[in-house]
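In case you want the letters, here they are:
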Amino acid sequence: MSRTTLQEYATLFRLDGRTALVIGAGSGIGEASAVALAAFGARVVCADLNAEAAARVAGAICAQGGSAESATVDIRSAVSIAAMLQRVPPPDVLVSTPSINVRKPLLQVSEEEFDRVVGLNLRGTFLLVQAVARGMAERGRGSIIVFSSIRSEVVEPGQGVYAATKAGVRQLCRALASELGERGVRVNLIAPGIVETPLTAPIRSHPEWSRAYAEKSILHRWAHPSEIASMVVYLASDASSYVTGALFYVDGGWTAHDGRYTPPL
Ligand SMILES: NC(=O)c1ccc[n+]([C@@H]2O[C@H](COP(=O)([O-])OP(=O)(O)OC[C@H]3O[C@@H](n4cnc5c(N)ncnc54)[C@H](O)[C@@H]3O)[C@@H](O)[C@H]2O)c1
């Protein structure tokens, strides 16, 4: 993988000839990731539980000259994942985004709510990466990108179950990276801070909460999904050829500084 010429560096991020399977492509960070990957030349499969949303995003990419198609999948079901993989081209890149959050004190979380959050965020992610990684390992190449969160590291009241799943996928993917490195498959995680998507709409509809979150980060603002998608492109491409088992914070500095008080200096 040695690079010496300007041309070799200039094409490092290109994804021409690669197929990227983006799960959760119908909304938020998944949608932005699908568009960004297509912009760098990938053929993108936009997959989502919401078939209409997936088709809308694939259509928008094609309308701008990119290459995309859509697929429907429910990652809570191994049968649904297998059916999707039979219908789409073998992916060189997998991006896994689907997750839900139930914001409640742990003492009030019901068994059903616990199972629902763990069932999608941890179990569903496991079923998906296992099925896709098997094919990648057989083909001897691939890049898997899974969404964790700053909540895998720092918590606040009401985030217990979500945070546990985000820490869970972190360790799951590190183990997968260590098992598949010698078979040519890289596995990495992205931990966003606060991003303007439907997932966080309930927070942004609450002015005090929304402002407090913005002020917590070093950059004092929320992120746009496109600012997370650029990390996806990096991890999908040969620019990250020596990167595996890593977690990247794209959090505007949220986890770097304490933020409670700026002393007079
Ligand atoms: N938005 C943020 O501020 C933020 C912060 C930290 C981490 N994250 C993480 O980033 C990822 C993406 O978040 P987002 O804000 O873009 O979410 P989002 O809710 O906007 O999008 C999630 C997409 O997943 C799809 N989906 C849901 N269940 C599915 C299933 N069973 N099978 C297939 N698709 C399914 C939804 O239809 C939706 O299109 C999540 O893992 C989330 O935990 C987001």
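Residues numbered from 1 in each chain as written. Predicted model: local features only at pLDDT ≥ 70, side-chain atom pairs only at ≥ 80, totals over all residues.

**Student:** Can you tell me about the site of the ligand, naming the residues and giving the values?
**Tutor:** Around the ligand there are 29 residues in total, and Gly 24, Ser 27, Gly 28, Thr 197 and Leu 199 lie nearest to it. Secondary structure elements with two or more residues in the shell around the ligand: α2 (28–39) and α5 (111–139). Across the shell around the ligand, the residue classes tally to 14 nonpolar, 12 polar and three charged. (Near = placed C-beta within 6 Å. Helix = DSSP H or I, 4+ residues; strand = E, 2+ residues; numbered from the N terminus. Nonpolar A, V, L, I, M, F, W, Y, C, P; charged D, E, K, R; others polar.)

**Student:** Please set out the sheet that holds strand β2 (residues 43–48) residue by residue, giving values where relevant.
**Tutor:** Taken in spatial order, the seven strands line up as β3-β2-β1-β4-β5-β6-β7 in an open sheet, and their pairing is parallel. Two strands bound the open sheet, and with one partner strand each, they are β3 (67–72) and β7 (247–250). Taking the axes of each pair of neighbouring strands and ignoring which way they run, one obtains an average angle of 20° across the sheet. Looking at chain direction, strand β6 (residues 185–192) and β7 are connected through four bridges and run parallel. Bridging across to β7, Ile 190 finds its partner in Phe 248. Against the sheet, α5 touches β1 (19–23), β4 (93–96), β5 (142–147) and β6, its axis set at about 170° to β5. (Pairing = 2+ DSSP bridges. Axes fitted to C-alpha atoms, helices over the stretch in contact; angles between N-to-C directions. Contact = placed C-beta atoms within 7 Å.)

**Student:** I'd like a rundown of the pairing of β5, residues and numbers included.
**Tutor:** With six of six residues buried, β5 is to be regarded as a mostly interior element. The alternating pattern of β5 places Gly 142, Ile 144 and Val 146 on one face and Ser 143, Ile 145 and Phe 147 on the opposite face, and all of these are buried. Taken together, the four bridges between β4 and β5 define a ladder with parallel strand orientation. Paired with Ser 96 across the strands is Val 146, a residue of β5. (Buried ≥ 20, exposed ≤ 12 C-beta atoms within 10 Å, placed from the backbone.)

**Student:** Describe the environment of Arg 204, with residues and values.
**Tutor:** Looking at the secondary structure, you find Arg 204 in helix α7 (residues 201–204). Along the backbone, Arg 204 and Val 109 are 95 residues apart, and their C-alpha atoms lie at a distance of 23 Å.

**Student:** Tell me what's going on with the packing of helix α4 (residues 78–87) against α5, and back it up with residues and numbers.
**Tutor:** Look at α4 against α5: their axes get within 9 Å of each other, and the N-to-C directions meet at 35°. For the crossing formed where α4 meets α5, the hand is right-handed. Where α4 approaches α5, its residues Ala 78, Ile 81, Ala 82 and Leu 85 are matched on the opposing element by Leu 127, Leu 128, Ala 131 and Gly 135. Counted by class, the contact of α4 with α5 contains seven nonpolar, one polar and no charged residues. (Left-handed = near helix turned anticlockwise from the far one by under 90°.)

**Student:** So what's going on with the nonpolar core? Which residues, and what values?
**Tutor:** Counting 64 residues, the largest nonpolar core has Val 22, Ala 34, Leu 37, Val 44, Cys 46, Ala 47 and Val 232 as its most contacted members. The residues touching Ala 34, leaving out its near neighbours within four places in the chain, are Val 22, Ala 25, Val 44, Cys 46, Val 57, Ile 61 and Ala 68. (Core = buried A, V, L, I, M, F, W, Y, C linked by C-beta atoms within 7 Å.)

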